[in-house]
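Here is how the chains run, residue by residue.
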Amino acid sequence: MAITDSTTGKIRQKYSVAELEEAARLMRGYNLVALCAAGSGHSGGTMSIMDITAALYLHNANLDPQSANWDGRDRIIWSTGHKAPSLYLGLAMAGFCELDDVVRLRRLWSPFQGHPHWHKLPGVEVSSGSLGQGLSIAVGMALAARLDGKKHHVFSIHGDGEQQEGQIWEAAMEAGHFQLDNLTAIIDINRLQIDGWVKDVMDIDPLADRYRAFGWHVVEIDGHDMAQVVKALDEAKTHQGSPTAILANTVKGKGISFMENVAGWHGKSPNKDQMIQGLEELGLKDKIPWQQLLDRVDKYQAWVDKELDQKQPKFSKNYWWNQQDVMKAKMDPTRMGFGRALKKLGDDERIVCIGMDISGSITISQFYEDHPERQPRWISVGIAEQSGTAMAAGLAREGKIPVLGNYAVFSSGRNLDQVRTSVAYGDFNVLIAGAHGGVSVGPDGATHQALEDIFNMVGIPGMHISVPADSVETEKATAHLLFQVQGPKYIRFAREATPVISTEATPFKYGEANVIRLRSVKESFLDSFETVLASQYTNENENLTIIACGPEVPEAMRAAWILKTEYGLETRVINMHTIKPLDREAVVRAAVETGVIVTAEEHQVGGLGNLVASAVLQDKRTHCKCLRFGMIGVLDRFGESGAPWELIKEFELSAEHIARKAKELVG
């Protein structure tokens, strides 16, 4: 069937093969415009899957855009959630939303999140983004349909690199075992993933034989031949006795000459000139009103900016980063310090780095990029965080120093049991990088924003945790963890460029906090402050203390500037770069000597704050003290797509919010 009127059973609209081809071409054009407007996103895979999207949403799946939750609809699960723009365009073409609205892709408060969220957009079945999980969800849906005697079909869409996730094969085993002939997995085989060719990163072939071995009916097609696509989807819905896997051979970046078969276009969006060139190649430059669409999103962004500005606490002047002629800050991504440390120290033969498919982004690839002699000690496991983590335990057991890294949300969550049991329980010397921590990954949205990882890691016995404040400190912390700390260790750092607040000469002692004091307002933000080890700091009878970690340390410093200028308040800023072990002495001294503490973290509130509160309450020196205490952090909510600095404002993590909280407590 196709797009259906669920009340009458009649087909609302039917497409021929030629019309589906034209629809896919148009969708590719809108995809280019939406990605260009977003300034980020995944071009390669959204272009490769588009023919399948058009056929599925406009021809094969039973859907009613006027009744998105119609019980008789077919279910479509996008396990490969980063291809969300293709999903949104499929829904738009089918009538679930306005086609022109998709241009708001990845913008703050937009329903078109970086990865799909079913609560935000009708027609999206489940929220997804963490690869490898969609097929299990689809198995559950197919089983539910069987239990309830319902006749709808369940489709699950995947990438070929995703087949490296172990959970895929657990679900494949289950679907084959239960003979779920109401389930079809569609695998977009475009042969490329972030780190390169799938066959080179972690070969998944012979994929067809593997699915057959699990009891699946397998159909292999050219994913760009619309007649083959339509035939395969029709066959899958009528096949009986086993689940169907459609292996669609495609071209990454299909239709755009400079994108086709280029791994670099996996997670990259076109600029305006590239968008125009792509539209010309598709023959759509004069058919799609691209300038009107870009103007539309500019108008939307102006509204977002206005709303965010209204949320920000107001002071006598604008203290935002680099908005005044004084207190200028240099910006550098903290992740760069991680890469620099590995590049500098990687000659030690014990170090083995494990890549998990975002190697360039998190900078772990700097370990070998200019050092081909280190290549044997570079092990890429593709999208297999759980196995890669347990592998690291094996390497450590044999005397190596394994370093593994991924988005913090995955390296601390997806593989949490492996970290706990395989690594930490054995007290193995493994360094785990939690990259892109907090909201700094921005437009990718909630599934990729680590806001719970400190909770996850701090509860593991024997775990060492560092959350450095800037790229310089990240390099120092990485070096220290590599060689001076034995056992399981976790370093958390951001993706976005954040202020540099330290130098090589700035003291850094693992396990001991730094105290930072505003001395004068100078042209350079960095030069305006003095930093000393907490153990060497002499009480100056400040009005309050702000204890922060990671990128919130610069925000705390900026809050100290606001508090001094606006209210004459003196602030002791504590850079708690080591979370575990916590510098309890620095915390208790601050509580006793200043009487007011505010904690600040780019994390669910309490990751740092609860540890600080515990240290204060358990120390006898504070028992007779009147202490005023507040926390700044994410307030029990998931992340959101948006630019990183927008999200700092949206989640009320900025210096302005810290300063307001501090002033409330001081009175």
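Everything below is about the structure shown above.
Quick caveat, the model's predicted, so the values are computed rather than measured.

Moving on, we come to the side chain of Asn60. Structurally, Asn60 is set in helix H3 (residues 50-60). For Asn60, a relative accessible area of 1% corresponds to the buried category. Of the polar contacts made by the side chain of Asn60, one reaches the backbone oxygen of Leu233; its length is 3.3 Å.

A word on the pattern of salt bridges. Note on pairing: side chains with opposite charge can pair once their charged atoms come close. Throughout the structure, instances matching the rule amount to 44 salt bridges. The partner of Arg492 in a salt bridge is Asp453, with the nearest N and O atoms 2.7 Å apart. Remark: Asp453 occurs in helix H17 (residues 453-458) and Arg492 occurs in strand S16 (residues 489-492); sequence separation between them is 39 residues. Judged by its relative accessible area of 4%, Arg492 is buried. Residues participating in the shared-partner salt-bridge network are Arg517, Arg519, Glu530, Glu540, Glu542, Lys564, Glu570, Arg572, Arg589 and Glu593.

This brings us to the nonpolar core. Ranked by size, the top nonpolar core spans 72 residues in total, and within it Val33, Leu56, Ile76, Tyr88, Met275 and Ile288 carry the most contacts. When residues no more than four places from it in sequence are discounted, the contact partners of Met275 are Leu32, Val33, Cys36, Pro270, Trp290 and Leu294. Counting 71 residues, the second largest nonpolar core, distinct from the first, contains Val352, Val381, Ile401 and Tyr510.

We now examine the packing of aromatic side chains. The relative placement of two aromatic rings is captured by the distance of their centres and the angle of their planes. One pass over the full model with this rule turns up 15 aromatic pairs. Among the aromatic residues, those joined into a ring-pair cluster are Trp169, Tyr211, Phe214 and Trp216. Positioned above the aromatic ring of Trp265 is the side chain of Lys268, whose terminal nitrogen or guanidinium carbon lies 4.4 Å from the ring centre. The cationic tip of Lys663 hangs over the ring face of Tyr567; the distance from NZ or CZ to the ring centre is 5.0 Å.

Looking down a regular strand, the side chains alternate between one sheet face and the other. The buried fraction of strand S5 (residues 183-189) amounts to seven of the seven residues, a majority that puts the element mostly inside the structure. Of the two faces of S5, the one lined by Leu183, Ala185, Ile187 and Ile189 and the one lined by Thr184, Ile186 and Asp188 are each fully buried. The pairing of strand S4 (residues 154-159) with S5 spans six bridges and is parallel. The residue bridging His158 from the neighbouring strand is Ile187, located in S5. For the crossover that starts at S4, traverses helix H6 (residues 166-177) and ends in the parallel S5, the hand is right-handed. Here S5 runs beside strand S9 (residues 244-249); their pairing, made up of six bridges, is parallel. Paired with Thr184 across the two strands is Thr244, which belongs to S9.

So, on to the environment of His153. Looking at the element boundaries, His153 is found in the loop between helix H5 (134-148) and S4. On a C-alpha basis, the gap between His153 and Thr53 in space is 16 Å, while along the polypeptide they are 100 residues apart. Non-local contacts of His153, meaning those with residues more than four positions away in its chain, are made with Asp74, Arg75, Asp181, Asn182, Leu183, Thr184, Ala236 and Lys237. A polar contact of 3.5 Å, which involves the side chain of His153, links it to the backbone oxygen of Asn182.

So, on to the sheet that holds S9. Working definition: the strands of a sheet are paired by backbone hydrogen bonds and lie parallel or antiparallel to each other. Strand order in the open sheet made by the five strands is S3-S4-S5-S9-S8, with parallel pairing throughout. Strand pairing shows two members of the sheet lacking a second neighbour, strand S3 (75-78) and strand S8 (217-222), which therefore form its edges. Going from strand to strand, the sheet's axes swing by 20 degrees on average, the running direction of each strand aside. Running over the sheet, H3 touches S3, S4, S5 and S9 and is turned about 160 degrees from S3.

Further remarks concern the pairing of S4. In terms of burial, S4 is largely enclosed, as six of its six residues are buried. Here S4 shows no split at all, with Val154, Ser156 and His158 on one side and Phe155, Ile157 and Gly159 on the other all buried. In this structure, S3 lies alongside S4, joined through four bridges in parallel fashion. Bridge pairing in S4 links Trp78 to Ile157.

This part covers the packing of helix H20 (residues 584-594) against helix H21 (residues 609-617). As a packed pair, H20 and H21 sit with axes 9 Å apart at the nearest point and diverge in direction by 70 degrees. The angle between H20 and H21 falls in the class roughly perpendicular. Across the interface between the two elements, Arg584, Val587, Val588 and Ala591 from H20 touch Val612, Ser614, Ala615 and Val616 from H21. Class assignment of the residues belonging to the contact of H20 with H21 gives a composition of six nonpolar, one polar and one charged.

On to the sheet that holds strand S12 (residues 378-380), then. Taken together, the seven strands give an open sheet; going across it, the order is S12-S11-S13-S14-S16-S15-S22, and neighbouring strands pair in mixed fashion. The open sheet has two free edges, formed respectively by S12 and strand S22 (578-580), since each of these has just one partner strand. On average, each strand axis in the sheet is inclined to that of its neighbour by 20 degrees, with strand direction left out of account. Across four bridges, strand S14 (residues 431-435) lies against S16 in parallel orientation. Bridging across to S16, Ile432 finds its partner in Tyr490.

Okay, helix H11 (residues 290-311) next. For H11, built from 22 residues, the straight-helix expectation of 32 Å at 1.5 Å per residue is met to within 8% by its first-to-last C-alpha distance of 32 Å. Along H11, the positions that sit buried rather than exposed are Trp290, Leu293, Leu294, Val297, Tyr300, Gln301, Val304 and Leu308. Summarising the axial view, the buried residues of H11 lie within an arc of 120 degrees, below the 170-degree limit, and thus occupy one face. Facing away from the buried side of H11 by more than 90 degrees, the exposed set consists of Gln292, Lys299, Lys306 and Gln310.

In the segment running from Asp205 into Pro206, the intervening peptide bond is cis, with an omega of 0 degrees. Secondary-structure assignment places Pro206 in the loop between helix H7 (198-202) and helix H8 (207-213). At Asn261, a residue that is not glycine, the phi angle is positive and equals roughly 60 degrees. Here Asn261 shows up in the loop between S9 and helix H10 (272-282). Backbone geometry places Met327, a non-glycine residue, at a positive phi of 55 degrees. Mapped onto the secondary structure, Met327 falls in the loop between H11 and strand S10 (331-333). Using a relative accessible area of 2% as the deciding quantity, one classes Met327 as buried.

Our next topic: the side chain of Asp101. For Asp101, the location among the structural elements is in the loop between helix H4 (84-94) and H5. Here Asp101 falls in the buried class, since its relative accessible area comes to 18%. Leaving out residues up to four positions away in the same chain, Asp101 has contacts with Phe112 and Arg296.

Each value, and the rule that gives it
Residues numbered from 1 in each chain as written. Predicted model: local features only at pLDDT ≥ 70, side-chain atom pairs only at ≥ 80, totals over all residues. Heavy atoms only, no water. Helix = DSSP H or I, 4+ residues; strand = E, 2+ residues; numbered from the N terminus. Buried < 20%, exposed > 50% of the residue type's maximum accessible area, 1.4 Å probe, protein only. Polar contact = N/O pair within 3.5 Å; in protein donor to acceptor, adjacent residues only side chain to side chain. Salt bridge = Lys/Arg side-chain N within 4 Å of Asp/Glu carboxyl O. Core = buried A, V, L, I, M, F, W, Y, C linked by side-chain atoms within 4.5 Å. Contact = heavy atoms within 4.5 Å. Phe/Tyr/Trp six-rings, centres within 6.5 Å; stacked < 30°, edge-to-face > 60°. Lys NZ or Arg CZ within 6 Å of the ring centre and 35° of its normal. Pairing = 2+ DSSP bridges. Right-handed = clockwise from strand over helix to strand, strands pointing away. Axes fitted to C-alpha atoms, helices over the stretch in contact; angles between N-to-C directions. Parallel < 35°, antiparallel > 145°, perpendicular 65-115°, else oblique. Nonpolar A, V, L, I, M, F, W, Y, C, P; charged D, E, K, R; others polar. Expected span 1.5 Å × (residues − 1). Arc of directions from axis to C-beta.

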